[in-house]
There are 2 protein chains.
Amino acid sequence: MRVLILGAGAMGSAVGGFLADAGHEVTLVGRQSHMRAVEERGLFITGIWGERLVRRLTTRTTVSGLKAGAFDLILITVKSYNTAEAVRSIAPLVDENTLVCSYQNGLGNAELIAEAVGWERTVGARAIFGVRVLEPGSIEITVIANPTALGVYGPSAPADRVRAIVAAMEAAGLPTVYTDEIATVLWSKVAYNSALNPLSALLDVPYGALLDTDHTRRIMIEVVEELYAVAKAMAVPLRPAGADEYITLLFDELIPPTAAHYASMREDFVHRRRTEIDALNGAVCGYGEEYGVPCPTNTLLTRLVRAREHALGVW
Amino acid sequence: MRVLILGAGAMGSAVGGFLADAGHEVTLVGRQSHMRAVEERGLFITGIWGERLVRRLTTRTTVSGLKAGAFDLILITVKSYNTAEAVRSIAPLVDENTLVCSYQNGLGNAELIAEAVGWERTVGARAIFGVRVLEPGSIEITVIANPTALGVYGPSAPADRVRAIVAAMEAAGLPTVYTDEIATVLWSKVAYNSALNPLSALLDVPYGALLDTDHTRRIMIEVVEELYAVAKAMAVPLRPAGADEYITLLFDELIPPTAAHYASMREDFVHRRRTEIDALNGAVCGYGEEYGVPCPTNTLLTRLVRAREHALGVW
């Protein structure tokens, strides 16, 4: 497989590294410091899946000069707020055999890809593993909660080719499964992140503290109820099917094991980085507006996070 | 006039000090360290109204032992969240000639007083001056925006006696006016504080920064619109009469001169003190619930502030 990884930070480098090690032709596009280190010394991967040094990687800092049809698979691994720009940059590289996969958090990424290249070439992914850049050229895989799920949107997409990609990722050592309900899987992750991330970041507390008072419990309940109402209006089936069941799951099963964790959004505040709020609560309200579903709680949380970004000088 | 000041912190001590200096019989009830210092060395007042040392003050740390009818006027100057307890403690001191005045911020205080002693003995006040305790026994008056306004609720209250109290306060050097629309005046101050305080505290920004982005402007607009809708349902006339006019006033006239100020609520967070959110946005939602007016924005801000208090270990 000829694979282009666009936005090769921690996550993209991990996937690219494993695929390259398994014999695929992988090109990373990332920041100059990281790309130069990988070029010079290879990509060093450490963490829960052992140590390896991957030398078979092509590196670039831009896609300019690449030709249409040069890749079978383009993985978009940029932050959600850079998806639109990423899609514009890779659109000329896509021909009838190219698949483009959003390997990202949040909602709205697949739509941006599909607008540019069509749903028949668009692949969705839900990755739940933790990975970070230790220093340029070196990454650590810290945690994996579930296999990455890949899937397509609608019958026009080549599910068989995506199954082959899943098999190739599995064979490369990346736990990956095919799902025929990628939207459901992505929305579930968004429900979790939308309920927890803005509150953890704005209140500066770990997830577990959000269960401590009825004030934050009520806010999380409203976030989830609005999200479920929006998904219903959009005919996206969710799992569990009802907001009440999801809230029970969230409070009783999902939060307790991660009670001591803080949201990455809080880290974004600390480091004065832009957050992915627009692909989480912000996307929920955006769809809500489009489909006539009121989302006051998600709207206010989105505004507060954006205002905090502004106060921190992120914009 | 025989005056009891219940909750003689900075504000109560200032009023009590000026009244005592003008010859009234003033009893302060406050914290032991402050009361002991006043007892031993007198109350030292500094700041924009000059320096004075007031020795003619009686001090106490509790009202127990005081007799019904011992005071013509009881000023309640505790924080709003302590009003219920304060009212319980002074109720036995009230006879047919006693007036009880809420010299406090926020909504709901007069109702608590009236429940205990009747509207015919209840006086409202809106104070807009800044005062702080420098050390026990010593306070500084930092800023005065407007004369304090005193007024009564409804025709059963003795407006003439309240006018006499206003005259006594004026004569003592405390800029004070009588108002026949105390509810209107108090609600206007609450509109200002509800729009600015939670945002300044939660986002850790000065008031001026709240005008910088549409995110915070929109939140302030919603806070004010909900407050105006609630006041309308309660038949409390506001000035200006419409939410739109108030918002224009707020953005164009009220915020700019105080652009560099942070809310006292943010100071409460810094010092891990309980805030007065329940008498501001919290009171608005409380009335909203009672009168069937939805207040999602005020509700969420109230919840966030309470959750932050909880996270800071205030409760």
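Cut-offs applied
- Residues numbered from 1 in each chain as written.
- Chains lettered and ligands numbered in written order.
- Predicted model: local features only at pLDDT ≥ 70, side-chain atom pairs only at ≥ 80, totals over all residues.
- Heavy atoms only, no water.
- Contact = heavy atoms within 4.5 Å.
- Buried area = accessible area lost by both parts, 1.4 Å probe.
- Salt bridge = Lys/Arg side-chain N within 4 Å of Asp/Glu carboxyl O.
- Polar contact = N/O pair within 3.5 Å; in protein donor to acceptor, adjacent residues only side chain to side chain.
- Helix = DSSP H or I, 4+ residues; strand = E, 2+ residues; numbered from the N terminus.
- Core = buried A, V, L, I, M, F, W, Y, C linked by side-chain atoms within 4.5 Å.
- Buried < 20%, exposed > 50% of the residue type's maximum accessible area, 1.4 Å probe, protein only.
- Domains from an automatic or database assignment.
- Axes fitted to C-alpha atoms, helices over the stretch in contact; angles between N-to-C directions.
- Parallel < 35°, antiparallel > 145°, perpendicular 65-115°, else oblique.
- Left-handed = near helix turned anticlockwise from the far one by under 90°.
- Nonpolar A, V, L, I, M, F, W, Y, C, P; charged D, E, K, R; others polar.
- Least-squares fit on C-alpha atoms with pLDDT ≥ 70 in both.
- Phe/Tyr/Trp six-rings, centres within 6.5 Å; stacked < 30°, edge-to-face > 60°.
- Lys NZ or Arg CZ within 6 Å of the ring centre and 35° of its normal.

## Concerning the interface of chain A and chain B
So, step 1. On the chain B side, the residues contacting the 23 residues of chain A number 23 residues.
So, step 2. Taken together, the two surfaces of chain A and chain B that pack against each other cover about 2,100 Å², and 73% of this comes from carbon and sulfur.
So, step 3. When the buried area of chain A at its contact with chain B is split by residue, A:His215, A:Leu300 and A:Arg303 rank highest and sum to 30% of it.
So, step 4. Where chain A packs against chain B, one counts two salt bridges.
So, step 5. The closest approach of N and O atoms between B:Arg303 and A:Glu222, which form a salt bridge, is 2.9 Å.
So, step 6. At the junction of chain A with chain B, the criterion picks out four residue pairs in polar contact (both at pLDDT 80 or more).
So, step 7. Put simply, the parts of the chain that give the side of chain A that touches chain B at least two residues each are α6 (182-203), α7 (214-233) and α11 (296-311) of chain A.

## Some words on the nonpolar core
In a soluble, globular protein the nonpolar side chains are often hidden away together inside.
So, step 1. In this structure, A:Trp187, A:Met220, B:Trp187 and B:Met220 are the most contacted members of the largest nonpolar core, which totals 101 residues.
So, step 2. Filtering out sequence-adjacent residues up to four positions away, A:Met220 remains in contact with A:Ala195, A:Leu196, A:Leu199, A:Leu210, A:Leu211, A:Phe251 and A:Ile255.
So, step 3. Within the second largest apolar cluster, 39 residues are counted, among which are B:Ala10, B:Ala125, B:Ala127 and B:Ile139.

## Notes on the domain arrangement of chain A
Residues and elements named next belong to chain A.
So, step 1. When the domains of chain A are assigned, the result is domain 1 (2-179) and domain 2 (184-311).
So, step 2. Taking only C-alpha atoms into account, the centre of domain 1 sits 26 Å from that of domain 2.
So, step 3. Facing the 16 residues of domain 1 at the interface are 13 residues of domain 2.
So, step 4. Carbon and sulfur atoms supply 61% of the area buried between domain 1 and domain 2, which totals about 1,300 Å² over both sides.
So, step 5. When residues of domain 1 are sorted by the area they lose upon contact with domain 2, Tyr 81, Leu 107 and Arg 126 head the list and together hold 51% of the total.
So, step 6. Applying the counting rule to domain 1 against domain 2 returns zero salt bridges.

## Things to note about the packing of helix α7 (residues 214-233) of chain B against helix α10 (residues 281-291) of chain B
All names here are of chain B.
So, step 1. For the pair α7 and α10, the least separation of the axes is 9 Å and the interaxial angle reads 45°. The angle between α7 and α10 falls in the class oblique. In terms of crossing hand, the pair formed by α7 and α10 is left-handed. Contacts between α7 and α10 pair Val 223, Leu 227, Val 230 and Ala 233 from the former with Asn 281, Val 284, Tyr 287, Gly 288 and Tyr 291 from the latter.
So, step 2. For the contact of α7 with α10, the residue count by class is seven nonpolar, two polar and no charged.

## Digging into the relation of the copies chain A and chain B
So, step 1. Superposition of chain A onto chain B requires a rotation of 180° combined with a translation of 0.0 Å along the rotation axis, giving an RMSD of 0.0 Å. What the rotation and shift describe, once combined, is the action of a two-fold rotation axis.
So, step 2. In this assembly, 100% of the residues forming the interface of chain A have copies in chain B that are likewise at the interface, indicating an isologous arrangement.

## Topic: the packing of aromatic side chains
So, step 1. This model, assessed by the stated rule, comprises 12 aromatic pairs over all chains.
So, step 2. Look at A:Trp119 and A:Tyr153: their rings are 5.0 Å apart centre to centre, the planes differ by 50°, and that puts the pair in the tilted class. Placement of A:Trp119 in the loop between α4 (109-117) and β8 (122-126) and of A:Tyr153 in the loop between β11 (148-152) and α5 (159-171) is noted, with a sequence separation of 34 residues between them.
So, step 3. Judged by relative accessible area, which is 34%, A:Trp119 ranks as partly exposed.
So, step 4. A:Tyr153 gets classed as buried once you look at its relative accessible area, which sits at 19%.
So, step 5. Ring centres 6.1 Å apart and planes at 80° place the aromatic pair B:Tyr192 and B:Tyr207 in the edge-to-face group. On the criterion of sequence distance, the pair formed by B:Tyr192 in helix α6 (residues 182-203) and B:Tyr207 in the loop between α6 and α7 is long-range, its members being 15 residues apart. B:Tyr207 shares its class with B:Tyr192; the two are buried.
So, step 6. Here a set of aromatic residues connected by ring pairs shows up, and it is made of A:Phe18, A:Trp49 and A:Phe129.
So, step 7. In this structure, A:Arg52 packs its charged tip against the face of A:Phe18, placed 3.9 Å from the ring centre.
So, step 8. The ring of B:Phe269 has B:Arg308 sitting right over it, with the charged end atom 5.9 Å from the ring centre.

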